[in-house]
Amino acid sequence: MKKSIAFILLASCTTTLNAQNAYYTSLLNQSIYFFEAQRSGHLPENNRVSWRHDSGLEDGFDNDVDLTGGYYDAGNYLKFTVPLSHSLTLIAWGALEWYDGYVSANQTGYLQEMLRWGTDWLIKAHPSDDVLFVQVGLGSVDNNYWGPDSGIPTPRPSFMINSSAPGTDAAALTAAAFASTSLVLRAADEEYANTLVSHAERLFTFAESASPWTVYSNSVKAAQDYYATSTYTSQMAYGALWLYRATNNTRYRDKASDYFDRFSLKTKKITIMDWHDQTGGVFVLGAALDDTTDKYKDAAQDYIETIIEKGSGGPCRYTNGGLLWCDSQSDWSSLVIASNMAFLAAMYSHTVDDHSEFDSFARSQINYVLGANPMLTPYVCGVHMNSPRNPHHAGASGGTNIRNIDAGETAHILYGAVVGGPDFYDKYYDERSDYRQNEVALDYNAPFQGLMAYQLVIGAADPPYANITEPRPVVTRPGQRNSVAGWVIAVIVIGIIAAIVGAVIAVYFVRRRRTRAVSERQLEKAFIAPNRHDPVIDTSHTQSTVRA
């Protein structure tokens, strides 16, 4: 069954494999397949993920809205607007600039369906101008369930921001998602694209008008343990830039420029672009769109160089294996940080100014993800014998024991999913319960998918895993013994002890027998009749002595 699924995926990739790199074509297809594995709601007839079912069919009913559909965020069954909007925007951005990669891989139809599945749900989540639903499901309930989508526990409450409980960042970022995806989908459905732009403009107005300006997790406490944000400044500029690109209305360009200056984005403390902060994206996107100023370009170049150049004094360094490592941000899902920066570096070089150093950096991080690392592991499920086998994903695992989710082999290969990645020492343990290393999520695949299209466009050489024939090295955590070696050692030790004990017992019995034999011979001599040369022996005395 697994082989047939893999064959279907590869066969559906393209009809022009001879003209394109088959590996990147397959990787692009399988990344989209991962998003299909994350679908919620009523699944379509062309669903390719046989082990998924209709699910979450009462989402939003607690607030009398229909919030069915959309994507589950990660390895469980929660839905969040902020990381979804960030992911859709990155994928749309990559598709706009490297669309030829999707065309050559015959993936444009799958791309459009993937984006639309997300934007259809965002439309539902924005039922009125000043309301945006930002979460479905409760972490304390969902994280105590491990099993298939057919048994998702309830209740599944829905949470919103509105005029009395605002979320400036969430509204602005969702506006960016609507605007960016409209650009990709316009050629296929202009009316639908116009609908997306309408939602984008109304949401951005909500972001600007709701008072006070604040991050959404201040209003939605349920999100604080999962997707708490700390800034709305970059999201405001980001949303305005995407609206400028989608509408060509210079009012949004000017708004973005104003927010760039007002919030001093160029001089703020450097953070790596992620779902919670799009500052790096503002720099690169602004540099590509706004030709009235060089401030975006200067900020983008300084930003990327400070992060990726060794000895720059920036917040990042490299592991011995070559992975970009940005201190505490890389402790969790290290590959996402590296992929986001590779995406920005490649995007800058492609859309702003050809920069060989940025291209080289992007390729090095892509190659690390795809097997050029000390673990000889492409960190994408289902593409190689060394691929992760135990992603932290309840549905794919096939298990139901929340107290021991590491038990058993993974039932369903989660094709195309990018896992969190190794630690600072380049070690990867492939344990299902280790959500820092083996979690999967929408925003993990978002930059990766764009980079696979980029690889097709530039005609990149085969990924490193194409030439890896050795198994992944076996590693153990510090202070943890290898379980197999432990059994071997235990058996050896027990065997040695048994041999020593056996030898001691054998020596004891041999000595005892020898002692008894000597005693018996002495007694025999004592009872033999004396000859004429022997002295006379008092036998009665001897016998009494022996008895005693």
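To keep things clear, this report deals only with the structure shown in the data block. (Residues numbered from 1 in each chain as written. Predicted model: local features only at pLDDT ≥ 70, side-chain atom pairs only at ≥ 80, totals over all residues. Heavy atoms only, no water.)

**Regarding the overall build of the protein chain**
Applied cut-off: Here a helix means four or more residues in a row that DSSP labels H or I, a strand means two or more in a row labelled E, and each is numbered from the N terminus. Three exposure classes are used, based on accessible area relative to the maximum for each residue type with a 1.4 Å probe and protein chains only: buried under 20%, partly exposed in between, and exposed over 50%. Contacts were defined at the residue level, with two residues in contact if any of their heavy atoms lie within 4.5 Å. Here the open area of atoms and residues is found with the Shrake-Rupley method and a 1.4 Å probe, where only the protein chains shown may cover a residue.
In terms of regular secondary structure, the protein chain is built from 20 helices and 5 strands. Looking at the protein chain residue by residue over its 548 residues, the buried ones come to 53%. Long-range pairs, those at least 24 residues apart, make up 72% of the contacts in the protein chain with a sequence separation of at least 6. When the accessible surface of the protein chain is split by element, carbon and sulfur atoms take 52% of a total near 24,100 Å².

**Comments concerning the state of the cysteines**
Basically, it comes down to this: By disulfide we mean two sulfur atoms from cysteines, separated by a distance within 2.5 Å.
Tallying each qualifying case throughout the model produces 1 disulfide. Linked covalently through their sulfurs, C316 and C326 form a disulfide whose S-S length is 2.1 Å. Sign of the S-S torsion, about 105° for the bond between C316 and C326, identifies this disulfide as right-handed. Remark: C326 occurs in the loop between β5 (324-325) and α14 (334-351) and C316 occurs in the loop between α13 (295-308) and β4 (317-318); sequence separation between them is 10 residues. Note on C316: relative accessible area 13%, which makes it buried. Judged by relative accessible area, C326 falls into the buried class, the value being 4%.

**Side note on the pattern of salt bridges**
This is how it is decided: Between Lys or Arg on one side and Asp or Glu on the other, a salt bridge is scored when a side-chain nitrogen of the former is within 4 Å of a carboxyl oxygen of the latter.
In the structure shown here, the tally under the stated rule is 21 salt bridges. One salt bridge connects D353 with K297, and the closest N-O pair in it is separated by 3.9 Å. Of this pair, D353 sits in the loop between α14 and α15 (356-369) while K297 sits in helix α13, and the two are 56 residues apart along the sequence. K297 gets classed as partly exposed once you look at its relative accessible area, which sits at 30%. Look at the salt bridges and you will find they share partners, linking D59, K79 and R156 into a network.

**Let's talk about the sheet that holds strand β3 (residues 158-162)**
Quick reminder of the rule: Only strands joined by at least two bridges in the DSSP assignment are considered to pair. To obtain an axis, a line is fitted to C-alpha atoms, over the contacting stretch when the element is a helix, and the angle between two such axes runs from 0 to 180 degrees between their N-to-C directions.
Strand order in the open sheet made by the 3 strands is β1-β2-β3, with antiparallel pairing throughout. Of all strands in the sheet, those with a lone pairing partner are β1 (79-80) and β3, marking the two edges. Both strand β2 (residues 131-136) and β3 contribute to a ladder of 5 bridges, which runs antiparallel. Bridge assignment links L132 to a residue of β3, and that residue is I161. In this fold helix α5 (residues 108-125) packs onto β1 and β2, with an angle of close to 120° to the strand it touches most, β2.

**What to know about the pairing of β2**
Among the 6 residues in β2, 6 count as buried, and that is most of the element. Pairing geometry for β1 and β2, over 2 bridges, is antiparallel. Bridge pairing in β2 links F80 to Q135.

**Brief notes about the packing of α15 against helix α18 (residues 442-458)**
So the rule is basically this: Working rule for angles: under 35 degrees goes down as roughly parallel, over 145 as roughly antiparallel, 65 to 115 as roughly perpendicular, anything else as oblique. By convention the crossing between two helices is left-handed if the near helix lies anticlockwise of the far one by an angle smaller than a right angle, and right-handed if it lies clockwise. Each residue is assigned to one class: nonpolar for Ala, Val, Leu, Ile, Met, Phe, Trp, Tyr, Cys and Pro, charged for Asp, Glu, Lys and Arg, and polar for all the others, Gly among them.
The contact between α15 and α18 brings their axes to 11 Å, and the two run at 115°. By the criterion of interaxial angle, the relationship of α15 to α18 is roughly perpendicular. Between α15 and α18 lies a crossing of left-handed hand. The residues of α18 that touch α15, namely those facing D359, I366 and V369, are F448, L451, M452, Y454 and Q455. Its residues assigned to classes, the contact of α15 with α18 shows 6 nonpolar, 1 polar and 1 charged.

**Details of the packing of aromatic side chains**
Note the threshold: When two rings of Phe, Tyr or Trp (its six-membered ring) have centres within 6.5 Å they constitute a pair, described as stacked for plane angles under 30 degrees, edge-to-face for angles over 60, and tilted for the intermediate range. Only Lys NZ and Arg CZ are tested; either one counts as a charge over a ring when it is within 6 Å of the ring centre and within 35 degrees of the ring normal.
The tally for this structure, following the rule as stated, stands at 28 aromatic pairs. Geometrically, the ring pair formed by Y77 and Y145 is tilted, given 6.2 Å between the ring centres and 45° between the ring planes. With Y77 in the loop between α2 (22-37) and β1 and Y145 in the loop between α6 (139-142) and β3, the pair connects residues that are 68 residues apart, well separated along the chain. By relative accessible area, which is 4% here, Y77 ends up buried. Three or more aromatic residues joined by ring pairs form one cluster here, namely W93, W98, Y238, W242, F343 and Y454. For R317, the ring lying beneath its charged end belongs to F424, and the centroid distance is 4.3 Å.

**A few points about the nonpolar core**
Here is the rule: Definition used in this section: a nonpolar core is a set of buried Ala, Val, Leu, Ile, Met, Phe, Trp, Tyr and Cys residues joined via side-chain atoms within 4.5 Å.
If you look at the biggest cluster of nonpolar residues, it comprises 144 residues, and the most contacted ones within it are W93, M341 and L370. Non-local contacts of W93, meaning those with residues more than four positions away in its chain, are made with Y238, W242, R245, G281, V284, L285, F343, L344 and M347. Membership of the second largest hydrophobic core comes to 7 residues, among which are Y72, Y145, W146 and I152.

**Focus on helix α3 (residues 81-97)**
Since one α-helical turn is 3.6 residues long, residues separated by three or four positions face the same way. The condition that has to hold: One fewer than the residue count of a helix, multiplied by 1.5 Å, yields its expected span.
Over its 17 residues, α3 extends 24 Å from the first C-alpha to the last, a length consistent with the 24 Å expected when each residue adds 1.5 Å. The element α3 is largely enclosed, with a buried count of 16 among its 17 residues.

**Some points on the packing of helix α7 (residues 168-185) against helix α8 (residues 190-209)**
Contact geometry of α7 with α8 gives a least axis separation of 8 Å together with a crossing angle of 160°. One finds that α7 runs roughly antiparallel with respect to α8. Like other packed secondary-structure pairs, α7 and α8 cross with a definite hand, here left-handed. Facing T168, A171, A172, T174, A175, F178, A179, T181, S182 and L185 of α7, the residues of α8 in contact are Y192, A193, L196, V197, H199, A200, L203, F204, F206 and A207. In terms of residue class, the contact of α7 with α8 is built from 15 nonpolar, 5 polar and no charged.

**A few points about α2**
The test is simple: Nitrogen and oxygen atoms within 3.5 Å of one another constitute a polar contact, given that in protein one can donate a hydrogen and the other can accept it, and given that sequence-neighbouring residues count only through two side-chain atoms.
For α2, spanning 16 residues, the distance from its first C-alpha to its last is 22 Å, which sits close to the expected 22 Å at 1.5 Å a residue. Taking burial as the measure, the 16 residues of α2 include 14 buried ones, the bulk of the element. Between the side-chain oxygen of the N-cap and the backbone nitrogen of Y23 there are 2.8 Å, and the N-cap of α2 in question is N21.

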